[in-house]
Amino acid sequence: MATFSVEELKVQYHSRNSTVKAVDGVSFSLDDKESIGVVGESACGKSTLGLAIIRSSSGGKIVSGDILLDGKSIVNMTEVEFTKTMRWKEISMVFQGAMSSLDPVFPIKQQFKEILKTYDYNDNHIKTIENTIDLVGLDSSVLDKFPHELSGGMKQRVVIAMALLLRPKLMIADEPTTALDMLTQAQVLDIFKKLKKNTSIMLISHDLGIISEIADKVAIMYAGQIVEFGTLQEVYSNPKHPYTQALLRSVPKIKGKSEITSLKGNPPNLVSPPAGCRFYDRCPQAMEKCKKMPPMIKIKTGYTSCWLYE
Ligand code: SF4
């Protein structure tokens with residue numbers, strides 16, 4: 001049985017004159033300790049999805065659908081209940097640009113202690129913190145340092161350790177390697193590889209290579225919807241949806257000659273998205289029928305929402 005699932009989730013941003021349908025009917029599920037990569041272009045809704053799961057979206061409102069952890073709905077919990085029982089304890093998040101969220105005026109140890117104090121942890125604080133710092137491959141001496149004394153890679157490891165401090169079942173990581181150089185990226189990815197043995201990871205990225213290092217399953221997002229979902233191997237080796245195919249064609253290959261092709265056009269405006277397939281204007285295989293919204297269709301390699309596989 002899936003231990004974490006998102007069911008027909010819709011998240012919207014409301015302003016006085018418009019409503020942005022940032023996440024529009026997203027569903028997926030994960031088994032225990034399974035990791036997922038959520039991939040898509042900027043503004044496809046992937047960060048909004050992560051923020052909605054941890055209920056930290058500023059301005060984004062869950063208007064329908066459900067999020068279940070171990071069969072328990074977290075959408076209908078009160079804020080107090082969610083904070084007390086879920087946020088950081090069961091589900092945590094490494095936010096985009098989280099390195100800069102460290103408080104410059106306190107040493108790292110103090111910042112860890114604040115989290116434990118918030119959640120009334122009365123056990124051996126120092127041992128818990130040191131064990132967590134060790135999990136991300138840092139020496140406990142960093143605990144006495146201030147953020148400005150650490151490199152970018154060390155700061156990123158500190159924020160990953162903070163997200164792990166209460167040993168959550170699911171850790172969401174939004175573009176956790178974007179601001180790092182290649183070698184530091186590799187070190188952070190190694191940490192994720194070790195962590196995924198004990199924790200489910202939801203890795204949000206536009207980088208297919210990074211996703212391929214960590215994920216067991218992949219969700220391809222386009223214009224607020226998942227257009228293809230399956231295991232990493234199935235989606236990468238045999239992509240079905242024309243958008244997934246285009247994404248994979250845009251990645252340079254190291255071995256052999258291959259032509260990189262870019263995708264022309266732009267995703268639709270999510271204030272008034274088209275009634276039919278949202279990829280219609282950019283799809284080389286679009287047909288008349290695609291003016292109607294395709295359903296999520298079960299295929300051999302997973303699911304896709306494309307009329308070609310009806
Ligand atoms: Fe292209 Fe039609 Fe499939 Fe959409 S439903 S991806 S327009 S073929």
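Here, the structure is the one placed above.
Residues numbered from 1 in each chain as written. Predicted model: local features only at pLDDT ≥ 70, side-chain atom pairs only at ≥ 80, totals over all residues. Heavy atoms only, no water.

Peer 1: Would you take a moment to explain the sheet that holds strand β6 (residues 91–94) for this structure?
Peer 2: Pairing between sheet strands relies on hydrogen bonds along the backbone, with the strands arranged either parallel or antiparallel. Taking strand neighbours across the sheet as the criterion, the eight strands line up as β6-β7-β8-β3-β9-β10-β12-β11 in an open arrangement whose pairing is mixed. Each edge of the open sheet carries a strand with a single partner, namely β6 and β11 (297–299). On average, each strand axis in the sheet is tilted by 20 degrees relative to the strand beside it, whichever way the strands run. Of the strand pairs in this sheet, strand β3 (residues 36–39) and strand β8 (residues 200–205) are connected by four bridges, and their pairing is parallel. (Pairing = 2+ DSSP bridges. Helix = DSSP H or I, 4+ residues; strand = E, 2+ residues; numbered from the N terminus. Axes fitted to C-alpha atoms, helices over the stretch in contact; angles between N-to-C directions.)

Peer 1: Help me understand the site of the ligand, please; the structure alone is not making it clear to me.
Peer 2: Residues in close proximity to the ligand total 13 residues, the closest being C277, C283, C290, C306 and W307. Looking at side-chain class alone, the shell around the ligand contains 11 nonpolar, two polar and no charged residues. (Near = heavy atom within 4 Å. Nonpolar A, V, L, I, M, F, W, Y, C, P; charged D, E, K, R; others polar.)

Peer 1: I would appreciate a short explanation of the packing of aromatic side chains in the present structure.
Peer 2: To describe a pair of aromatic rings, you give the distance between the ring centres and the angle between the ring planes. Considering all chains together, one arrives at five aromatic pairs under this definition. Between Y243 and F279, the ring centres sit 5.4 Å apart and the planes meet at 70 degrees, which makes this aromatic pair edge-to-face. Of the two residues, Y243 is situated in helix α9 (residues 242–249) and F279 in the loop between α9 and β11; the sequence distance between them amounts to 36 residues. In this pair, the class of Y243 matches that of F279, namely buried. (Phe/Tyr/Trp six-rings, centres within 6.5 Å; stacked < 30°, edge-to-face > 60°. Buried < 20%, exposed > 50% of the residue type's maximum accessible area, 1.4 Å probe, protein only.)

Peer 1: Quick question: what am I supposed to make of the pattern of salt bridges here?
Peer 2: Charged atoms that come close allow side chains of opposite charge to pair. In total, this model carries 16 salt bridges according to the counting rule given. In this structure, D24 engages R278 in a salt bridge whose closest nitrogen and oxygen atoms are separated by 2.5 Å. Note that D24 is positioned in strand β2 (residues 19–30) and R278 in the loop between α9 and β11, a separation of 254 residues in sequence. For R278, a relative accessible area of 7% translates into the label buried. Residue E310 pairs with K289 through a salt bridge whose shortest N-O separation is 2.3 Å. Here E310, found in the segment after β12 (302–304), pairs with K289, found in the loop between α9 and β11; they are 21 residues apart in sequence, far enough to count as distant. Residues participating in the shared-partner salt-bridge network are K10, D24 and R278. (Salt bridge = Lys/Arg side-chain N within 4 Å of Asp/Glu carboxyl O.)

Peer 1: Would you mind showing me how to read the sheet that holds strand β5 (residues 72–73) here?
Peer 2: Read from one edge to the other, the open sheet built from four strands follows the order β2-β1-β4-β5, with strand pairing classed as antiparallel. A single partner strand is all that each edge strand has here, and the edge strands are β2 and β5. In the sheet, strand β1 (residues 4–14) pairs with β2 via nine bridges, with the strands oriented antiparallel. Its bridge partner being in β2, K10 is matched across the sheet by D24. Most of the contacts of helix α1 (residues 46–53) go to β1, to which it runs at about 110 degrees, and overall it touches β1, β2 and β4 (60–69). (Contact = heavy atoms within 4.5 Å.)

Peer 1: I keep staring at helix α4 (residues 125–135) and nothing clicks. Help me out?
Peer 2: Each α-helix winds once per 3.6 residues, and so residues spaced three or four apart point in a common direction. Those residues of α4 not exposed but buried are T128, I129, T132 and I133. For α4, the angular spread of the buried residues around the axis is 130 degrees, confining them to a single face. Next to the buried residues of α4 lie α3 (108–118) and α5 (152–164). Phi for G137, located one or two positions after α4, is positive at around 75 degrees. (Arc of directions from axis to C-beta.)

Peer 1: Help me out: how do you make sense of the packing of α5 against helix α6 (residues 182–195) in this one?
Peer 2: At a minimum axis separation of 10 Å, α5 and α6 run at an interaxial angle of 20 degrees. With respect to each other, α5 and α6 are oriented roughly parallel. When you trace α5 past α6, the crossing you get is right-handed. Two secondary-structure elements touch here, α5 through G153, Q156, R157, I160 and L164 and α6 through T184, Q187, V188, I191, F192 and L195. Taken together, the residues of the contact of α5 with α6 sort by class into six nonpolar, four polar and one charged. (Parallel < 35°, antiparallel > 145°, perpendicular 65-115°, else oblique. Left-handed = near helix turned anticlockwise from the far one by under 90°.)

Peer 1: Would you take a moment to explain the pairing of strand β10 (residues 225–231) for this structure?
Peer 2: The side chains of a regular strand alternate, first on one face of the sheet and then on the other. For β10, a buried count of six out of seven residues is recorded, marking the element as mostly surrounded by other parts of the structure. Two elements, strand β9 (residues 217–222) and β10, share six bridges in a ladder whose sense is antiparallel. Each residue of the ladder has a partner; that of V218, found in β10, is G230. Between β9 and β10, which pair antiparallel in sequence order, lie two residues; one of them, A223, sits at a positive phi of approximately 50 degrees. Across three bridges, β10 lies against β12 in antiparallel orientation. Note on β12: the bridge partner recorded for G230 is G302.

Peer 1: What am I meant to see in the pairing of β9 here?
Peer 2: Among the six residues in β9, six count as buried, and that is most of the element. Going residue by residue along β9, you find K217, A219 and M221 tucked away on one face and V218, I220 and Y222 tucked away on the opposite face as well. Both β3 and β9 contribute to a ladder of four bridges, which runs parallel. Following the sheet pairing, V39 is matched in β9 by I220.

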